[in-house]
Amino acid sequence: MALCMHRESNSKQQQMDASKYVRYTPEQVEALERVYAECPKPSSLRRQQLIRECPILSNIEPKQIKVWFQNRRCREKQRKEASRLQTVNRKLSAMNKLLMEENDRLQKQVSHLVYDNGCMRQQLHTVSTTTTDTSCESVVVSGQKQQLNPTLQRPQRDANSPAGLLAIAEETLAEFLGKATGTAVNWVQMIGMKPGPDSIGIIAVSRNSSGVAARACGLVSLEPMKVAEILKDRPSWYRDCRCLDVASIIPTGNGGTIELIYMQTYAPTTLAAARDFWTLRYTTSLEDGSLVICERSLTSSTGGPNGPPAACFVRAEMLPSGYLIRPCEGGGSIIHIVDHIDLDAWSVPEVLRPLYESSKILAQKMTMAALRHIRQIAQETNGEIQCTGGREPAVLRTLSQRLCRGFNDAVNGFTDDGWSIMGSDGGEDVTIAINLSPSKFLGSQFNTLCMLPTFGGVLCARASMLLQNVPPALLVRFLREHRSEWADYGVDVYSAASLKASPYAVPCAKPGAIPSSHVTLPLAQTVEHEEFLEVVRLEGHAFSPEDIALSRDMYLLQLCSGVDETNTGACAQLVFAPIDESFGDDAHMLPSGFRVIPLDPKSDEPAATRTLDLASALEVRHSGGRPPGEVDTSNQNLRSVLTIAFQFTFENHYQDSVAAMARQYVRSIVASVQRVAMAIAPSRLSSHMVPKPLPGSPEAVTLARWICRSYRAHTGGELLRADSQGGDAVLKQLWHHADAIMCCSIKTNASAVFTFANQAGLDMMETTLVALQDIMLEKILDEAGRKILLSEFSKIMQQGFAYLPAGVCVSSMGRPVSYEQAVAWKVLNDEDSNHCLAFMFMNWSFV
């Protein structure tokens, strides 16, 4: 009896195990895998349909098939996670290797500094004891001389022969490796560039070296040969590269190659000449399997053949630079990039020299751009970046390059492209250039348009201005998100219609047009989201019944970069071009837009917070002193250069009209940017923002107390709340007062100039505390206001105050400002002597 029960129990257990664990045949697994590839999570109906369609699965219950798909999804998730962890582990291992090498380099640098310090101490001791032991001095001096002029030790050679070029190449290789992995340059890591598995890499800039230099170390999942191929194609990733021509290729006996290269680069703004380079590029392999591409300029000191002359370019010098590409265990490469350039900064106006003396700008525009481009292609190759809008990533990348190149062509206006300058209308703020043969730089894209008998060419209106204390990223983001604040719908209509076979012959914008709203459609963005490509749809409006056909929507292809405020030193740019609704990959484009490049602040430079016409700032002072009223605000001084360029096509009989329209349009944009810049410029009430007091002037807290006490004594009323007793509280309340309060000096036989204003006063005058001292009282009042003030002046001096009627004054930007009433009163110091004259403009507003 017990034996029967035991057999029955075993039979039931086997039946339960058979229902719980199913062994699938290879044919069944193959059928399930095919379904999984199509739908990883099929519904119950789909699973039942699968059983009916596949007879080999008929002996499996639907519940078991559901469990199989669950397990399959779990295995897939585990596989992806394991693969991700392996990738992260490889990156961390490679990054650890990089950091250990960087640590070794820093230790070597410390050892050299300790040695130099010891030699310097011994030298000083030798001088103090008047001994003749100068061995350490000779070592230091000889080392310095060798570093400053390494060509003194070179043997005589024929630099034009292959052997002489190889000698130059080997010297370039040694100097480059010393910069990439050694202590030849004092590198300082850029702020915010922390290494990690997902970071761009280790970014550093030079300190106290000739020229500007930047270095980057990073990891990419591409093989060294592919990385070398990408880096040598400089025009594909260096946006400032106009052209790169390989004059000759010379193979070397060690398996490498020597190339003589002529490269032209664009100027970043309209007020400086472009640069060109004549270099030797050496490609070779090291004993450890690493690839090296090093490059340097051929000059009279290095020897070698002379490069081609170029009239419109300034010859710059590339000091030993290049790329060290090492294979990484488990696949991929470790890249060391060094860019070291002397851009001849003394050939540009002093106000623009920071553009050519900043290693941070070089790092952002060249060094980091190369590393980002390689990472972008690596992710595209690995399938990590999907196609957008049915277009391949390479196509979208080409569109971005074409937008940048077209904008650079417009900003530079090279004569060999056919550009020439039109006559001025008397103002120097906007330059008009025309190109009567645009097919030379636009290629065959405009062939259809150029065949029109009335087609005249392309016109470009461009201008540059200096921005003070305006973050480039914030300004470009505002211009992108608030297009209606500066753009004119009529000009957009003309730009879009002028690219068609039947151009819309409206050479100027019509007044009273309805501002168009826009919708942004994203297309692509780079790995670190520092640049993105998008399509902007402008909703159309008709000007009049006869223009109803033009009320359809318009489209812009737009490229925006540098809008991340945490990315210090980056160039911010907004470039766009009108396109057709169904634009092709090779559609013609005529880019326009804005570029804002930051200038590194210097402690000995003036710090104002206003916008200036850059042309007026070219005549800079050569004296070292700071003018009265200027203070050192290096912590808040964010200077940058804004470049504006807008392109239009025109018909023969409309050339002058289009030129007048373009000139006026760019001027209106400049005025809009000035208003925007004043609105977004940070205004902070702190000690370092208060202007430097004139001789005999009080501090801000004392002046605020005098203003309030004098107002109470003369008028009998309270200017501020009664609870404002402390000095700081009085100053803060005066600063945030709703009405515009300003003080001007009282001097005999001299014009009254403003010495202080609260925040409302600065907003009304559209100026800053530093620039306020350049504004005179008689310049802001209109004729009626000056007459009233003159008639009431004796009353103010005798009675102590006077009420002035409503009137209109003018801001520093030339905008009229109306006010309902004004109060003027004498400000007395602690000795009851006249110190200044205070004004309060009530309920003011821009007209």
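In the annotation of an unreviewed UniProt entry, the entry for the protein chain reads Homeobox-leucine zipper protein ATHB-14, and the organism field reads Sesamum indicum. Quoted verbatim from the Sequence similarities (unreviewed entry) field of the UniProt record, the comment on the protein chain reads "Belongs to the HD-ZIP homeobox family. Class III subfamily." Per UniProt, the protein chain carries the Subcellular location (unreviewed entry) text "Nucleus".

### Brief notes about the pairing of strand β13 (residues 431–435)
For β13, a buried count of 4 out of 5 residues is recorded, marking the element as mostly surrounded by other parts of the structure. As defined by bridge partners, strand β12 (residues 419–421) adjoins β13 across 3 bridges and the pair is classed as antiparallel. Its bridge partner being in β13, tryptophan 419 is matched across the sheet by asparagine 435. The sheet contact formed by β13 and strand β14 (residues 455–468) spans 5 bridges and is antiparallel. Each residue of the ladder has a partner; that of asparagine 435, found in β14, is valine 458.

### Brief notes about the side chain of asparagine 412
Inspection of the secondary structure puts asparagine 412 in helix α10 (residues 393–412). Accessibility expressed as a relative area gives 14% for asparagine 412, which makes it buried. Only 2.8 Å separates the side chain of asparagine 412 from the backbone nitrogen of alanine 267, close enough to count as a polar contact. Reaching out from asparagine 412, the side chain makes a polar contact with the backbone oxygen of asparagine 408 at a distance of 2.8 Å. With sequence-adjacent residues up to four places away left out, asparagine 412 is seen in contact with Tyr266, Ala267, Ala274 and Arg462.

### Overview of the packing of aromatic side chains
Under the defined criterion, the tally for this structure stands at 16 aromatic pairs. Measuring from centroid to centroid gives 6.0 Å for tyrosine 266 and phenylalanine 414, while their planes differ by 35°, and the two rings are tilted. Of this pair, tyrosine 266 sits in the loop between β5 (257–265) and β6 (274–285) while phenylalanine 414 sits in the loop between α10 and β12, and the two are 148 residues apart along the sequence. What links up through ring pairs into an aromatic cluster is the set Trp486, Phe576, Phe594, Phe646 and Tyr665. Taking the ring centre of tyrosine 36 as reference, the NZ or CZ of arginine 72 above it sits at 4.3 Å.

### Comments concerning the sheet that holds strand β23 (residues 754–757)
Spatial strand order, β23-β22-β28-β27-β24: 5 strands in an open sheet with antiparallel pairing. In this open sheet, the two strands that pair with only one neighbour each are β23 and β24 (801–804). Ignoring strand direction, the axes of neighbouring strands in this sheet form an average angle of 20°. Packing against the sheet, helix α16 (residues 700–715) makes contact with β22 (740–745), β23, β24, β27 (821–828) and β28 (834–842), and its axis sits at approximately 110° to β27.

### Overview of the pairing of strand β19 (residues 592–599)
Of all 8 residues that make up β19, 8 are buried, and the element is covered over most of its length. The side-chain alternation of β19 yields two buried faces, one formed by Ser592, Phe594, Val596 and Pro598 and the other by Gly593, Arg595, Ile597 and Leu599. Pairing geometry for strand β18 (residues 572–579) and β19, over 5 bridges, is antiparallel. Bridged to alanine 572 within β19 is valine 596.

Rules used throughout
- Residues numbered from 1 in each chain as written.
- Predicted model: local features only at pLDDT ≥ 70, side-chain atom pairs only at ≥ 80, totals over all residues.
- Heavy atoms only, no water.
- UniProt positions renumbered as here; feature names shortened; annotations may be inferred.
- Buried < 20%, exposed > 50% of the residue type's maximum accessible area, 1.4 Å probe, protein only.
- Helix = DSSP H or I, 4+ residues; strand = E, 2+ residues; numbered from the N terminus.
- Pairing = 2+ DSSP bridges.
- Polar contact = N/O pair within 3.5 Å; in protein donor to acceptor, adjacent residues only side chain to side chain.
- Contact = heavy atoms within 4.5 Å.
- Phe/Tyr/Trp six-rings, centres within 6.5 Å; stacked < 30°, edge-to-face > 60°.
- Lys NZ or Arg CZ within 6 Å of the ring centre and 35° of its normal.
- Axes fitted to C-alpha atoms, helices over the stretch in contact; angles between N-to-C directions.

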